[in-house]
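A closer look at the structure
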Amino acid sequence: MASRATKKKSAPSGKLKKSAVLPMKGRDILVKSLENEGVDTIFGYPGGASMEIHQALTQTQKIRMVLPRHEQGGSFAAGGYARSTGRPGVCLATSGPGATNLVTGIMDAKLDSIPLIAITGQVPSSVIGSDAFQEADVVGSTFPMVKHSYLIQNVNEIPQVVHEAFHIAQTGRPGPVLIDIPKDIQQQETIPDFNVKLNLVGYKPNLKPAPQQIKKAVHFINEAKRPIIYAGGGIIAAEASKELRKFVKKMGIPITNTVMGLGSYPMDDPLSLHMLGMHGAVYANIAMNQADLVIALGVRFDDRVTGKLAEFCKDAKFIHVDIDPSEINKNISIDVPIQGDVKQALKMMIEQATPKKDIGPWLKQVEGWKKEFPLAYQLDKKAIVPQNVIVEAQKLADPDVIVAVGVGQHQMWVAQFWRFHSPRTFLSSSGLGSMGFGLPAAMGAQVAHPDRQVINIEGDGSFLMNIQELQTLKIEKIPVKNIVLNNAHLGMVAQWEDRFYKSLRGHTFIGDANFAEIADAFGIKSETITQPKEVVPALKRMMKHKGPYVLDVKYPYNDKSHGHVIPMIPGNHTYLDTIIDAEYNLREYWQKKGIEV
Ligand SMILES: Cc1ncc(C[n+]2csc(CCOP(=O)(O)OP(=O)(O)O)c2C)c(N)n1
């Protein structure tokens, strides 16, 4: 490939202050451009193709450089930063292996619509395409994962590219944007022009919902006898929790949340039906499926929510508000599509709709299901019960605590039993479902919120996947508290083995690790507990400790029903197939009671 070295542009006259007219290297222009976007933290791991940028970062007082111990940790940390603040998280890596190590974090941000800026150093322009040392086509390989990507080919483009990247990452439906920058461009000098203007032809997300569609939605709501609100991560991304609360309060309609939507509505409110879907509350799934109107707000009808599509909400009409037109009518045929900002749509509906005074019988029915099928767990005198650790931890935690999780049973138990009431307090790799997310995501959130309590609750398998970040916590003085729910198994997969493979263990026993000793080796305070009576005192000690902490909670993997995440709707099944306890699924339970199904 021909050299992409570019000629220096002459400075645009008149616009720049005298001090800015000095030539700067590409690496310094990049850092200044990031400062101009308000970046205060970068999670970056250096290497040959990015060390120029790290050199430049040593010269700024405005940006904290956090060195993760693995680029995947850096990308999840940037995700945790973004999820907990709403501002784009920034991660940085070198070319080749550094860049490929970011890929999981990029995909995680894509599936959960998280604003993320991933910056990668690239081999020099002159050798791109030659299989140079540590060359990887990161733009090509992440192409289907990013919202947009750039390979910078001219040092003069840097301010424009950075400005566009931040704009794209955080507007419309948020998502990841990649900036790949060859080493020679980092080294070249030019007189920069930071007076950049946005002119993105073809990218102008429409925020304004069509008024006639809102009118139609209000009409459908007026007519409904069994309405339900199904609210997801879009509410949090749009900062629309306040409007959602107002809407629910005014209308008196019950509401259920997706995993991504947890925190958008207070779960202790009587109208909250908590989480729905595969491991959601039985009452949430019954109410959804027996509703005559589903008001879907910032959701994407994920298969973990719908189960078997053909049977999903068979008697319902659908209103769907989403910023992304490609989500509407994707999985479900929608009666009232509303493309636009869900915050604006809610404001318009609040103004125009009248309270639902005519749904008393429906509310009574929903209340009945809530009482009949409570989320519950059994205590055990001899062994620690993980759900109980979660419940006790919330009792002792600060009210504004931020909770991160890994992926597996522990993740679903937190989603079921922790009562979230504020947006941006639950950090979960929900769409991608990536193990190894909890510790680095908590780390990113803690850096963004140094004065708040941040707790990571992770299974042993998940914790092991980015355990090296304990060193980052220690060296960077990041006081994340880690509760490791340690059952020596890949619990969620073992649960599926118990359910669907006659408990044949296909490499799901991982063995018992002593996480307190590992933490100790990193210089982090730690404790191990094995007995139920130790739970509360150990949690108290952990919460009181000022620095990072690892609490290793050892409990036996339990292959009986009460050791599983229940309720559970097996994949591609319907709510009637919900496993509600050891003996019955919902269909059998209702048949036994003489209820027609
Ligand atoms: C990176 C990655 N690899 C594999 C999986 C598949 N998977 C889903 S849950 C799970 C087990 C998780 O075990 P652990 O973190 O110990 O949590 P537990 O289920 O025991 O609470 C596995 C292997 C995944 N989600 N992510």
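Residues numbered from 1 in each chain as written. Predicted model: local features only at pLDDT ≥ 70, side-chain atom pairs only at ≥ 80, totals over all residues. Heavy atoms only, no water.

**Regarding the overall build of the protein**
Scanning the protein for helices and strands turns up 24 helices and 20 strands. Taking 25 Å as the expected radius of gyration for a compact globule of 597 residues, we find that the protein reaches 25 Å, a close match to that expectation. The proportion of buried residues among the 597 residues of the protein is 58%. In the protein, the share of contacts with a sequence separation of at least 24, taken over all contacts with a separation of at least 6, comes to 75%. With an accessible surface of roughly 24,500 Å², the protein has 54% of that area assigned to carbon and sulfur atoms. (Helix = DSSP H or I, 4+ residues; strand = E, 2+ residues; numbered from the N terminus. Rg over C-alpha atoms; globule rule 2.2 N^0.38 Å. Buried < 20%, exposed > 50% of the residue type's maximum accessible area, 1.4 Å probe, protein only. Contact = heavy atoms within 4.5 Å. Areas by Shrake-Rupley, 256 points an atom, 1.4 Å probe, with all protein chains shown as cover.)

**A few points about the sheet that holds strand E6 (residues 148–151)**
Spatially, six strands are ordered E3-E2-E4-E5-E7-E6 in an open sheet, and the strand pairing comes out parallel. Of all strands in the sheet, those with a lone pairing partner are strand E3 (64–66) and E6, marking the two edges. Within the sheet, the average angular offset between the axes of one strand and its neighbour, ignoring direction, is 20°. For E6 and strand E7 (residues 176–182), the ladder comprises four bridges, and the chain directions are parallel. The residue bridging Tyr 150 from the neighbouring strand is Ile 179, located in E7. Against the sheet, helix H3 (residues 71–85) engages strand E2 (41–45), strand E4 (89–93) and strand E5 (116–122), with an angle of about 165° to E4. (Pairing = 2+ DSSP bridges. Axes fitted to C-alpha atoms, helices over the stretch in contact; angles between N-to-C directions.)

**Digging into the site of the ligand**
Taken together, 17 residues sit near the ligand, with Gln 409, Gly 433, Ser 462, Gly 491 and Met 492 positioned nearest. His 489 is positioned with one of its backbone polar atoms (N or O) 3.2 Å from an oxygen atom of the ligand. Contributing elements (two or more residues each) for the shell around the ligand: helix H17 (409–417), helix H19 (460–465) and helix H21 (491–500). It is H19 that contributes the most residues to the shell around the ligand, four residues altogether. (Near = heavy atom within 4 Å. Polar contact = N/O pair within 3.5 Å; in protein donor to acceptor, adjacent residues only side chain to side chain.)

**Considerations on the side chain of His 54**
When you line up the elements, His 54 lands in helix H2 (residues 51–57). If sequence neighbours within four positions are ignored, His 54 has contacts with Gly 44, Tyr 45, Pro 46, Met 65 and Leu 92.

**Thoughts on the confidence of the model for the protein**
Mean pLDDT for the protein: 96, with 97% of residues reaching 70 or above. Contacts from residues 1–16, a stretch scored under 50 in pLDDT, to residues over four places away or in other chains number 27 contacts. (pLDDT = per-residue confidence, 0-100.)

**Structural notes on the pairing of strand E13 (residues 317–322)**
Sheet faces and side chains relate simply in a regular strand, where the side chains alternate between the two faces. Burial within E13 is extensive, with five of its six residues counted as buried. In terms of strand pairing, E13 meets strand E14 (residues 336–339) through four bridges, oriented parallel. In the strand pairing of E14, Ile 319 is matched with Val 336.

**Focus: the packing of aromatic side chains**
The relation between two aromatic rings is expressed through the spacing of the ring centres and the mutual angle of the planes. Using the criterion set out here, one finds 14 aromatic pairs in the structure. Their ring planes at 20° and their centres at 6.3 Å tell us that Phe 312 and Phe 318 sit as a pair that is stacked. Note on Phe 312: relative accessible area 6%, which makes it buried. Where Phe 373 meets Tyr 589, the ring centres are 5.5 Å apart and the plane angle is 70°; that geometry is what we call edge-to-face. On the criterion of sequence distance, the pair formed by Phe 373 in the loop between helix H15 (360–372) and helix H16 (386–396) and Tyr 589 in helix H24 (residues 586–592) is long-range, its members being 216 residues apart. Tyr 589 shares its class with Phe 373; the two are buried. Taken together, the ring pairs in this structure connect Tyr 230, Phe 301, Phe 312 and Phe 318 into an aromatic cluster. (Phe/Tyr/Trp six-rings, centres within 6.5 Å; stacked < 30°, edge-to-face > 60°.)

**Brief notes about the nonpolar core**
Ranked by internal contacts, the top residues of the largest apolar core, which has 104 residues, are Ile 229, Leu 244, Val 294, Leu 297, Trp 418, Ile 483 and Leu 586. For Trp 418, the contacting residues outside a window of four places in its chain are Met 267, Ile 390, Ala 393, Gln 394, Ala 397, Val 401, Val 403, Trp 413 and Ile 457. Within the second largest apolar cluster, 46 residues are counted, among which are Val 138, Ala 441, Ala 445 and Ala 448. (Core = buried A, V, L, I, M, F, W, Y, C linked by side-chain atoms within 4.5 Å.)

**Topic: the sheet that holds strand E16 (residues 426–427)**
Read from one edge of the open sheet, six strands run E16-E15-E17-E18-E20-E19, paired in parallel fashion. Taken across any chain shown, the strands that pair with only one partner, and hence form the sheet edges, are E16 and strand E19 (525–529). Here six bridges tie strand E18 (residues 481–486) to strand E20 (residues 549–554), and the two strands are oriented parallel to one another. From the neighbouring strand, Lys 481 faces E20, where its bridge partner is Tyr 549.

**Some words on the packing of helix H11 (residues 241–251) against helix H14 (residues 342–352)**
Running from amino to carboxyl end, H11 crosses H14 at an angle of 25°, the nearest separation of the two axes being 9 Å. Our classification of the angle between H11 and H14 gives roughly parallel. Note that H11 runs across H14; the crossing there is left-handed. Mapping the contact onto sequence places Glu 243, Leu 244, Lys 246, Phe 247 and Lys 250 in H11 and Lys 343, Leu 346, Lys 347, Met 349, Ile 350 and Glu 351 in H14. Of the residues in the contact of H11 with H14, the class split is five nonpolar, no polar and six charged. (Parallel < 35°, antiparallel > 145°, perpendicular 65-115°, else oblique. Left-handed = near helix turned anticlockwise from the far one by under 90°. Nonpolar A, V, L, I, M, F, W, Y, C, P; charged D, E, K, R; others polar.)

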